Every structure is written in structure tokens, then in C-alpha cells.
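# Understanding the architecture of this molecule
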Amino acid sequence: MAAIAGAVSLAVSLSMAVGGARRANAAGGDVLTIAGTGAPGSTNAMGMDASFRYPWAIVSDGRGNAYVADTDNNLIRKVVLSTGAVTTVAGDGALGSDDGPATTASFNFPSGLAFVNPTTLAVADSFNRKIRLLNISTATVSTLAGSGTFGMADGIGANAQFGTPYDVASDGEGSLYVADGGVDLANNIATNSIRKIDVGTGAVTTVAGTGAYGIVNGPTTTAEFRQPHGLAVSGNYVYVADRLNNTIRMIDLIARTIVDFAGTGVAGFQDGPAVSAQFDSPHRVIVDGNRLLVADTNNNRIRAIDLATNIVSTLSGVGTAGFASGSASSAQFSSPVGLTTDTSGYLLVADTFNHSIRAVDTGSPILSPIGAATTSAAPSFGGASTSVPAAATTPARGKLELVSTLPASTSSAVSSAVSTAVVSSTVASSGAKTPLSPATVPAPLALPALSATGPVKSMADGPVYDPLVGAPEIPESLALTGSGSSLLFALALCLTGSGVLLVTRRRTRANEQAS
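Residues numbered from 1 in each chain as written. Predicted model: local features only at pLDDT ≥ 70, side-chain atom pairs only at ≥ 80, totals over all residues. Heavy atoms only, no water.

## Focus: the overall build of the protein
- Secondary structure assignment for the protein yields one helix and 41 strands.
- Per-residue burial over the protein gives 54% buried out of 515 residues.
- In the protein, once contacts between residues fewer than 6 apart in sequence are set aside, the share between residues at least 24 apart is 56%.
- Accessible surface for the protein amounts to roughly 18,600 Å². Of this, 55% is attributable to carbon and sulfur atoms. (Helix = DSSP H or I, 4+ residues; strand = E, 2+ residues; numbered from the N terminus. Buried < 20%, exposed > 50% of the residue type's maximum accessible area, 1.4 Å probe, protein only. Contact = heavy atoms within 4.5 Å. Areas by Shrake-Rupley, 256 points an atom, 1.4 Å probe, with all protein chains shown as cover.)

What follows is the structure, given as C-alpha cells:
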């Protein structure tokens, strides 16, 4: 196609229906990158301009933020999921165990995170052999338990000992469970066990494990693990990622027994019944509704265990190490470790050797664009309103994004086809939805230069819709106007589920269930 002289005026109307339900990509597993360049670093920035260094843990606060144990940087970082903004909330980056103001506190290989309450984050400070607390409201760090010396002694606060606490999980009732997988080769002792901390008193007790290496089931007092790395609490059960046993174990807190829940104990990759399934160095587990999700680290995959049927399946990852985003059948991870679920329905992954934070569609929410329209070069199009098919569900949290696409066959002479655009909103006569107030309407919205090589994306500086903080302001229709000189290009106005990359709009779990 050749460019034409003069400007062509465009107007696209996007009607957003709210009734009915439509499901896309029900299987889930699609992957995108939320933050991180893929190379190690410690830069605070937006999205893929930020950098991490071997992040091991991630936890959502349920309010649109994720906290990351940036392990090799000895920092605790925060990611605002709607924008991808990354900041440092605790740690000065130096090795140490200093308590006090978060900006001057220090850690040594922080590798596990869990919320004790909405404003207090527990940190498994692995090589300091301590469990630390970060008070987000006061920006202070303190030590809950651990003397700092290697050992397995129970006790109160600093009188207790840990070997290498790799992960921490809250039961939501005032207790923390700790995966203690330490080994002291010089003195030939190990602490392979699951510990429990009363947050109110700092009292530490041993729940399961003798400390010795093994894979002994039965009574918790005689049970054995081989470097437990992750754990999740669900009611009266604790699920344990027993890393070197390549097995997921389950502790019954009432019966005080432990069994193999999934995995043969042989390193490998096999889906199917839990008793014959195989894992390779599983590092973390989390409960997600009726599933147990597993970071199958050496397999570079995210696995799922159906808690009703005990069937193991692969949620995402092709198995080869890499940094590819996209569908479940093509996405790649590189030694993923940390897992957490976000209220939007994404599974967030600390993709450790990719030094990044990834998001996986779990299959419960929906991915769908609001709509798109293709414009022709006919001069008569100028100023006309073009109808765009609407998605049939209410948008959840996201940012407005304009995507412009130029066919590869188009001449590069149209590289600056569209310069600016203005987004405005109208409300249906029913008045069922709240209109965008003038202050929240983005203007003007800059578009990228179009390229002859394919899609070009541009983030709009638009309003954020967040159902977690009251009813979102959802316009019944949006109008896009602008000018350009290309013969053929497409425009789509979308809500991005994570605010940085995916050109889609997500539904929350609540919306999915309601429909």
C-alpha cells in the first residue's frame, strides 16, 4: 500500500456491553512479563525497564501490589500491578541483619515472603537464619525469631534456631510455618524440618521432621525431608515442596502424620495421577482454590494438582529454559521459584533465572479485547463513526491502551501515520454506569510511529479501573479521534489486565463466578 497525501480524520466508537458472558482461552496458561529486563540488576523503574537479581519469592497484598524478595540484591521490592512500577521498600542492598528503618535495614539472601496481617510482611531471611518482619505502614524491620546461629532449637524469639529457612507461610490465624532446609556440612548436621512460629509470642516449635535427610512418612516426629523449600497452609493441612525428594508432601496437622501427596521421588516430568507424576526440584507450592500450584523449577514449568482428583497437569511452560511470553504451549521460564495469586486472577511468578516477574493466566478469568476496528483509506471515511464489536463482560482492573497495527506490506513511508488522538467517553441513556469525569479522561494520547514490520503498541496514560476500591468508572462508550496519512491501519482500544503489556481486558474471579 502507498501513503496518500493529506490527513484522514478517524472516529471509532467502542460500545461496552455488560450483560452475558463470553469465555476466551478457558484453558489458561498464557504468559506475559510484568517487570524485569531479563538481565540482573537493581533498577527501580516501570515494568520491563526495572531489574531484579534472582528473585525467589513473591506475594500479593490483595490490593493491587506484589512484594518481591529480590534475593541476590538482598532487597524487598514492590510492584504496582496496574502500572508495573517497581520500587524498593526495604533493604540497603548490603549483606547484614540490621533491624530498624526499612531504608537502612539489611538482609542476607531473603527467599520467602508471607503476609502476617495486611500491613506486616514476614521474610524468611535465609542466610541470617532468622524470620524478619517488615511493617509496611511504619517502614520498619524487626526480627521475630532466630538467633542467627545454625541449629534446630525450639524456643522464644532469639532463643530459637533455624538452619536455612527458605520459605514462610501464614495460616491466617496468627501462626507462621517455616520450611527449614539447612545443612551444615562442616559439622554434619541438618535441619530438614517444618517449623511453626506464634507471631504474638515469637515461640518456635517443630511441626514435622527430625532434621535428618530422608523421605520417611508416618508420624511427624519421625518424618524426614530432603531440603524442604516451599510450603502452603490450607485448613488442617500443610503442603510441602520437598525439593531434593522431587515430591510434594502433605502434613495432617490434626492426625500429626505426613504422606507423599504427589511425585514418585524420581526427578523427571510426567503429568497424570499424583502417584505416578514426576517433578524435578519443585521449589514452591500455593493453594489456588481447588488446585495446588507448583513451581517445578528444574522443569521450567508451572504445574497444577487438582485437589479433588489428585491429577497433575501442566499449567504453563514448554520445559526448555527461555524468556518467551505468549500461549501456554510456547511460553518459557527459567528456573521459576516464587508463586502468588493476584485478585485479578493472574498467577504471578518470580521467574528467578530470568530476573523478572511474570504473569500466568490461570484459566478462571477471561482475556478479551474491548473491541477493534479496521479503517480503510477511502477519503469518505474521514469523520465517520465506525461501530466496533463489544466484549460482553464488565471490565476489571486495567489501563486504557491504544494499539495501532500496520500490515507488513505497507510502505515504510507511512511511518508517522498517526500523531495524536483524544479519548472521550459518553454514557448510555440508561445511566447504569458512571461516566468518566473530565479529570480522568486522558488527553491527548500519543500514538507510536507506525512501522512496516508489524504491530506497534503504545500505553495510554488513561484511568485505572479497579473494582477492589469501589465501583469502577466504566464508560458505556469511548470515542477515539485523530488524524493520519496511512492507507490502511487498525485501531483497538483495550484495557490491559496488568497495566503494562497484554493488549487485553481481564475479568476478576468474582465476575467469572457471577456470570
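Still more ground to cover, so stick around.
## What to know about the environment of Ile76
- Mapped onto the secondary structure, Ile76 falls in strand β5 (residues 75-80).
- Note on Ile76: relative accessible area 0%, which makes it buried.
- C-alpha separation for the pair Ile76 and Thr87, spaced eleven residues apart in sequence, amounts to 8.8 Å.
- Sequence-distant contacts of Ile76, defined by excluding residues within four places in its chain, comprise Val68, Ala69, Thr87, Thr88, Val89, Ala90, Phe107, Pro110, Leu113, Leu121, Val123 and Leu134.

## Things to note about the pairing of β5
- Bridge count for strand β4 (residues 65-70) against β5 is six bridges, and the pairing is antiparallel. By the bridge assignment, Ala69 is partnered in β5 with Ile76.
- What sits between the antiparallel neighbours β4 and β5 is a turn of four residues, in which Asn74 has the positive phi angle 55°.
- Pairing of β5 with strand β6 (residues 85-90), which is carried by five bridges, proceeds in the antiparallel orientation. Bridging from a neighbouring strand, Arg77 pairs with Thr88 of β6. (Pairing = 2+ DSSP bridges.)

## Let's talk about the sheet that holds strand β13 (residues 165-170)
- If you walk across this open sheet you meet the five strands as β12-β18-β17-β14-β13, and the pairing is antiparallel. At either margin of the open sheet sits one strand with a lone partner, and together these are β12 (155-156) and β13.
- Examined bridge by bridge, β13 and strand β14 (residues 175-180) share five bridges and lie antiparallel to one another. Each residue of the ladder has a partner; that of Val168, found in β14, is Val178.

## Focus on the pattern of salt bridges
- According to the stated counting rule, one finds 13 salt bridges in the structure shown.
- For Arg132, the salt bridge identified is with Asp125, shortest N-O distance 2.7 Å. Of the two residues, Arg132 and Asp125, both sit in the buried class.
- Salt-bridge contacts for Arg284 lead to Asp167; the nearest nitrogen and oxygen are separated by 3.7 Å. With a gap of 117 residues between them, Arg284 in strand β25 (residues 282-288) and Asp167 in strand β13 connect regions that are remote in the sequence.
- Relative accessible area serves as the criterion here: at 5%, Asp167 is assigned to the buried category.
- Ionic contacts of the salt-bridge type, sharing partners, join the residues Asp99, Asp125 and Arg132 into one network. (Salt bridge = Lys/Arg side-chain N within 4 Å of Asp/Glu carboxyl O.)

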